[in-house]
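# Architecture at a glance
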Amino acid sequence: MPDFSGVDVGALATRTDHAVLGDVAALLLRNWPTGEDAVAYYEDGPGALLR
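Just so it is clear, the model here is predicted, and its values are computed rather than measured. (Residues numbered from 1 in each chain as written. Predicted model: local features only at pLDDT ≥ 70, side-chain atom pairs only at ≥ 80, totals over all residues. Heavy atoms only, no water.)

On the surface, Val-20, Val-24, Leu-28, Leu-29 and Trp-32 cluster together into a nonpolar patch covering about 470 Å² of accessible area. Relative to the assigned elements, Trp-32 resides in the segment after helix H2 (19-31). (Patch = residues over 30% accessible without salt bridge, like charges linked within 9 Å, V, L, I, M, F, W, Y side chains within 5 Å. Areas by Shrake-Rupley, 256 points an atom, 1.4 Å probe, with all protein chains shown as cover. Salt bridge = Lys/Arg side-chain N within 4 Å of Asp/Glu carboxyl O. Helix = DSSP H or I, 4+ residues; strand = E, 2+ residues; numbered from the N terminus.)

Here you go:
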């Protein structure tokens, strides 16, 4: 799977003329967690679904 972690979603949302891509980027930005809110827990991993 390609690594898109370096993509500037804010710049993508303002520069794209593709209707769907612009909407998706705007939705991502609206729901993007702040640095303090972005967390991941071990219990959230795929193994939690296998119990």
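Note that Ala-13 resides in helix H1 (residues 9-15). For Ala-13, a relative accessible area of 24% corresponds to the partly exposed category. Taking the C-alpha atoms as reference points, Ala-13 and Leu-28, 15 residues apart in sequence, are found 9.4 Å from one another. Contact partners of Ala-13, with chain neighbours within four places excluded, come to Ala-25, Ala-26 and Leu-29. (Buried < 20%, exposed > 50% of the residue type's maximum accessible area, 1.4 Å probe, protein only. Contact = heavy atoms within 4.5 Å.)

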